[in-house]
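# Architecture at a glance
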Amino acid sequence: MPILFSMLAPHVPSICHEENAPSFQQEMVEDMKKTANKIKSLKPDVIVLVSCHWPSTFFHYVDATPEHKGVLTAFECPDLIKDVPYFWPGDADLAAQLVAAGEQSGIKAVSVNDPYYVWDYGSVVPLRYLVPDEDIPVINLSVTLAASLQETYEWGKTIKKVLDESPKNIVFVSSGALSHNLVRGRENKPTFSEHALDKEFLQFIANKDYDSAYNMLPQYARLAGVESGGRHLAMLLGMIDQNDEATIGAAGQSSGSWNAVITFEQKQAI
Ligand SMILES: [Fe+2]
């Protein structure tokens, strides 16, 4: 089945617990909750999620663990994200298909099946909003630092082919920020120059000029410090069909980064 729905999701640590979210991130929180209702109505069989906070060095990891169960305290901010329990089902069969497709395409995809592997907050934070009942299986993916944007885009295309050919209904989530040259002070926005690039990227998306959005990534990522070097955006753009309609949702700053909820769906699927 063609991918039902794709999205860019923020994971700023201050929204992990809704009651701690500052006022300038409340719109993102509300939009994530609204998107959760949309996802629930679509009744997906699986959510495939790539997280900027699972940075692998060489290999494209695919989490094939049948059950993702743990308690997360985030390395980077154990004060904000501490002892957060999570328990989502996995999908070992579909994860194995993704790894096999990567291998067949010459992409260094590697399966992970480890009940002791603790998820990162880039996976946990958006899923707490998007699938609050923890009732949809999840396959999460790393961003691979040794992979170029182009290789990551090709990996995204390879994943998309498997997902499109699967009989399952699938939602794809890219968890990460846009501009991401971090500074102290959660209220700080990106610089004017960084944010000009955010706006240009978002305009390309709004205009359905997905090729230009992809083509601007190398310099955008370098100049604005896009999270994970823009790899999560490259993978997301690899999932998008030209007839997918984008909706630019709520956005906000977090310590010099810019974060946005963007959803994509085929209009005929509505
Ligand atoms: Fe992040």
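Residues numbered from 1 in each chain as written. Predicted model: local features only at pLDDT ≥ 70, side-chain atom pairs only at ≥ 80, totals over all residues. Heavy atoms only, no water.

Going by what an unreviewed UniProt entry lists, the protein chain is known as Extradiol ring-cleavage dioxygenase and is assigned to Domibacillus antri.

What follows is about the overall build of the protein chain. Secondary structure assignment for the protein chain yields 8 helices and 10 strands. Taken against the 2.2 N^0.38 rule, which gives 18 Å for 270 residues, the C-alpha radius of gyration of the protein chain at 17 Å falls within 12% of a compact globule. Projected onto its principal axes, the C-alpha positions of the protein chain cover 45 × 40 × 40 Å. Expressed as a percentage of the 270 residues in the protein chain, the buried residues total 57%. For the protein chain, restricting intrachain contacts to residue pairs at least 6 apart in sequence, the fraction spanning at least 24 positions comes to 80%. Carbon together with sulfur atoms contributes 53% to the accessible area of the protein chain, which is approximately 11,600 Å² in total. For the protein chain, the separation between the mean place of its 21 positive charges and that of its 34 negative charges on side chains is 2 Å. (Helix = DSSP H or I, 4+ residues; strand = E, 2+ residues; numbered from the N terminus. Rg over C-alpha atoms; globule rule 2.2 N^0.38 Å. Buried < 20%, exposed > 50% of the residue type's maximum accessible area, 1.4 Å probe, protein only. Contact = heavy atoms within 4.5 Å. Areas by Shrake-Rupley, 256 points an atom, 1.4 Å probe, with all protein chains shown as cover. Lys, Arg positive; Asp, Glu negative; His and termini not counted. Charge placed at Lys NZ, Arg CZ, Asp CG, Glu CD.)

Only His 11 (NE2), His 53 (NE2) and Glu 227 (OE) from the protein reach the iron ion as donors, at distances of 2.0 to 2.1 Å. The sequence pattern describing where the donors of the iron ion fall on their chain is H-x41-H-x173-E. Of this pair, His 11 sits in the loop between strand E1 (5-9) and helix H1 (26-42) while Glu 227 sits in the loop between helix H7 (217-224) and helix H8 (231-239), placing them 216 residues apart in sequence. For Glu 227, a relative accessible area of 6% corresponds to the buried category. (Donors = N, O, S within 2.8 Å, 3.2 Å for Na, K, Ca; no water.)

The buried count for E1 comes to 5 of 5 residues, which makes it a mostly enclosed element. Here E1 shows two buried faces, one formed by Phe 5, Met 7 and Ala 9 and the other by Ser 6 and Leu 8. Two strands pair when backbone bridges link them, and E1 and strand E8 (residues 170-175) are joined in this way by 5 bridges, in the parallel orientation. From the neighbouring strand, Ala 9 faces E8, where its bridge partner is Ser 175. Taken together, the 3 bridges between E1 and strand E10 (residues 257-266) define a ladder with antiparallel strand orientation. Along E10, the bridge assignment pairs Ser 6 with Phe 264. (Pairing = 2+ DSSP bridges.)

A separate point is the packing of aromatic side chains. Inspection of every chain in the model, using the stated rule, returns 8 aromatic pairs. Relative to Tyr 61, the ring of Trp 54 has its centre 6.0 Å away and its plane inclined at 10°; by these criteria the two rings are stacked. Between the aromatic rings of Trp 54 and Tyr 117, the centroid separation amounts to 5.1 Å while the plane-to-plane angle is 35°, which identifies the pairing as tilted. With a gap of 63 residues between them, Trp 54 in strand E2 (residues 46-56) and Tyr 117 in the loop between strand E6 (109-112) and helix H3 (121-130) connect regions that are remote in the sequence. (Phe/Tyr/Trp six-rings, centres within 6.5 Å; stacked < 30°, edge-to-face > 60°.)

With that settled, consider the pattern of salt bridges. In the structure shown here, the tally under the stated rule is 11 salt bridges. Between Lys 168 and Asp 91 there is a salt bridge; the shortest N-O distance is 2.7 Å. With Lys 168 in the loop between helix H4 (149-165) and E8 and Asp 91 in the loop between strand E5 (84-89) and helix H2 (92-104), this residue pair connects regions lying 77 residues apart in the sequence. Look at Asp 91 and you get buried, because its relative accessible area is 9%. (Salt bridge = Lys/Arg side-chain N within 4 Å of Asp/Glu carboxyl O.)

The next thing to look at is the side chain of Ser 255. With respect to the helices, strands and loops of the structure, Ser 255 is situated in the loop between strand E9 (244-254) and E10. We classify Ser 255 as buried; its relative accessible area is 14%. If near-sequence neighbours (up to four positions away) are discounted, Ser 255 is found in contact with Asn 181, Leu 182, Val 183, Gly 185, Arg 186 and Asn 188.

Time to look at the pairing of E2. Both faces of the sheet carry side chains from a regular strand, because those side chains alternate between them. Taken across its 11 residues, E2 has 10 buried, putting it largely inside the fold. Sheet analysis places E2 next to E8, joined by 6 bridges and oriented parallel. Among the inter-strand pairings, Val 48 is bridged to a residue of E8, identified as Phe 172.

Phi is positive for Glu 134, which is not a glycine, with a value near 55°. Positionally, Glu 134 belongs in the loop between H3 and strand E7 (138-144). For Glu 134, a relative accessible area of 27% translates into the label partly exposed.

This paragraph deals with H4. Relative to the 24 Å expected for 17 residues at 1.5 Å per residue, H4 spans 24 Å between its end C-alpha atoms, a close match to the ideal helical length. Taken as a whole, H4 has its buried residues at Leu 149, Thr 152, Tyr 153, Trp 155, Gly 156, Thr 158, Ile 159, Lys 160, Val 162 and Leu 163. (Expected span 1.5 Å × (residues − 1).)

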